[in-house]
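Structural overview
Residues per chain are reported as follows:
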Amino acid sequence: MKTYVLASQNKHKAKEIKQILGGDFNIITMDEAGLDNFKIIEDGKTFEENAAKKASQVFQRLKIPTIADDSGLCVDHLGGRPGIYTSRFAGENATDEMNISKLLKELEGAPINERGAEFVCAVALIENSAEDIKIFKGTCRGYIIEEKRGNNGFGYDPVFYYPEYSATLAELGDDIKNKISHRYKALKAFSDYLKMS
Ligand code: ITT
């Protein structure tokens, strides 16, 4: 089984990525690979650029196959914001709570037809060389509701309503979320690519 280090500090992402990829891949965290407190610079202009930057900084240190996930939420009423700034929407050290509050405040009074939103995930893969980066993308469309519902998941899941299941991602739980999410779709493209190559 091939080992990939995950260039991420986000434990929730790591858990989902391990669940989605299942037993076919050995995914290790940066800590497990011996890279503690490594600060990754994330100054790209797109999800794809940021995913590539995360993967290449970690690959250059460890020289083992690396994957990275850059993701975020693009809201129709906000012209696609917060986008690549999703984790820092309410400030540099914002908590999920603070980010959700800011989002709900900016959407106050917006009708349902303007509350459409899309989660985006770009997964970057480096196998042998930092010059050779593959990107896989996935999206998941839904609506931002007016108050939080559900306790599963992480980040903006409690306010992201997925109409096909009439529930927020935080109400659905990992098993269903990991079959429909932006992260699932990006990782499916990643694993399909590896099967073909
Ligand atoms: P790393 O860069 O270390 O991987 P991060 O949390 O900083 O971790 P990003 O820069 O990619 O990751 O920011 C992602 C943001 O989008 C963050 O605020 C998440 O809460 C949110 N997000 C991404 N995927 C999500 C999901 O499946 N459910 C809810 N929120 C999500």
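The preceding data block contains the structure.
The paragraphs below set out a description of the structure included in this document. (Residues numbered from 1 in each chain as written. Predicted model: local features only at pLDDT ≥ 70, side-chain atom pairs only at ≥ 80, totals over all residues. Heavy atoms only, no water.)

Focus: the overall build of the protein
Stated precisely, the cut-off is as follows: In this description a helix means any DSSP run of H or I spanning at least four residues, a strand means any run of E spanning at least two, and both kinds are numbered starting from the N terminus. The contact criterion used throughout is that any non-hydrogen atoms of two residues lie within 4.5 Å. Areas reported as accessible are Shrake-Rupley estimates using a 1.4 Å probe. Residue values count occlusion only from the protein chains shown. A positive count includes Lys and Arg, and a negative count includes Asp and Glu. His and the chain ends are not counted in either. To locate a charge, take NZ of a lysine, CZ of an arginine, CG of an aspartate or CD of a glutamate.
Of regular secondary structure, the protein possesses six helices and seven strands. Overall, the protein shows an N-to-C arrangement of helices and strands of β-α-β-α-β-α-β-β-β-β-α-α-α. Its C-alpha atoms give the protein principal-axis dimensions of about 50 × 30 × 25 Å. Expressed as a percentage of contacts within the protein between residues at least 6 apart in sequence, the contacts between residues at least 24 apart total 57%. Carbon together with sulfur atoms contributes 48% to the accessible area of the protein, which is approximately 9900 Å² in total. One way to put it: in the protein the 27 positive side-chain charges average out to a point 2 Å from where the 30 negative ones average out.

Side note on the sheet that holds strand S4 (residues 116-126)
Heads up, the rule is: At least two DSSP bridges between two strands are needed for those strands to be called paired. Each axis is a line fitted through C-alpha atoms, and for a helix only the stretch in contact is used; angles between axes span 0 to 180 degrees, taken between their N-to-C directions.
Reading across the sheet, the seven strands line up as S2-S1-S3-S4-S5-S6-S7 and stay open at both edges, with mixed pairing between neighbours. Among the strands making up the open sheet, the edge pair consists of strand S2 (26-29) and strand S7 (167-168). Note that strand S1 (residues 3-6) and S2 share four bridges and pair parallel. By the bridge assignment for S2, Tyr4 is matched with Ile27. Where helix H1 (residues 11-21) meets the sheet, it contacts S1, S2 and strand S3 (66-75), and its direction lies at approximately 110 degrees from that of S3. Packing against the sheet, helix H2 (residues 47-62) makes contact with S1, S3, S4 and strand S5 (133-144), and its axis sits at approximately 160 degrees to S3.

Structural notes on the layout of surface pockets
Note the cut-off: Space inside and on the surface of the protein is sampled on a 1 Å grid over the protein atoms alone, with a cavity defined as a set of points where a 1.4 Å probe fits but cannot get out and a pocket as an open set with protein on both sides within 12 Å along at least 5 of 7 lines; lining residues have an atom within 4 Å of a point. Grid points are joined across faces, edges and corners, and a volume is the space filled by probe spheres set on the points. Asp, Glu, Lys and Arg are counted as charged, while Ala, Val, Leu, Ile, Met, Phe, Trp, Tyr, Cys and Pro are counted as nonpolar; the rest, among them Gly, fall into the polar class.
Considering only enclosed or pocket space, the largest pocket measures out at about 1000 Å³ in volume. Elements that contribute at least two residues to the lining of the largest pocket include exactly H1, S3, helix H3 (96-106) and helix H6 (182-196). By residue number, the principal contributor to the lining of the largest pocket is S3, which donates four residues. In the lining of the largest pocket, the residues fall into ten nonpolar, 14 polar and 14 charged. Counted as a void, the second largest pocket has a volume near 190 Å³. Around the second largest pocket, the lining comprises 13 residues; the ones closest to its centre are Leu21, Asp24, Phe25, Ser191 and Lys195. Among the elements that take part in the lining of the second largest pocket, H6 stands out by supplying six residues, more than any other. The residue makeup of the lining of the second largest pocket, split by class, is seven nonpolar, one polar and five charged.

Regarding the side chain of Gln57
Test applied: Relative accessible area decides the class of each residue, using a 1.4 Å probe on protein chains only: under 20% of the type maximum gives buried, over 50% gives exposed, and in between gives partly exposed.
Topologically, Gln57 is positioned in helix H2. On the accessibility criterion, Gln57 (18% relative accessible area) is buried. Leave out the neighbours within four places in its chain, and Gln57 touches Phe38, Lys39, Ile40 and Ile41.

Points about the site of the ligand
This is how the line gets drawn: We call a residue near a molecule or strand whenever a single non-hydrogen atom of that residue lies within 4 Å of it. As used in this structure description, the phrase polar contact means that two N or O atoms lie within 3.5 Å; if the pair is within protein, one of them must be able to donate a hydrogen and the other to accept it, and residues adjacent in sequence are counted only when both atoms belong to side chains. The rule for placing a molecule in a cavity or pocket is simple: more than half of its atoms must lie within 2 Å of the grid points.
Around the ligand sit 20 residues in total, of which Ser8, Gln9, Lys54, Asp157 and Lys177 are the nearest. One of the side-chain nitrogen or oxygen atoms of Ser8 is found 2.7 Å away from an oxygen atom of the ligand. Expressed as a share of its isolated accessible area of 630 Å², the protein-covered part of the ligand is 91%. In this structure, the ligand is accommodated by the largest pocket. Going through the elements one at a time, S3 and H6 are the ones with two or more residues in the shell around the ligand.

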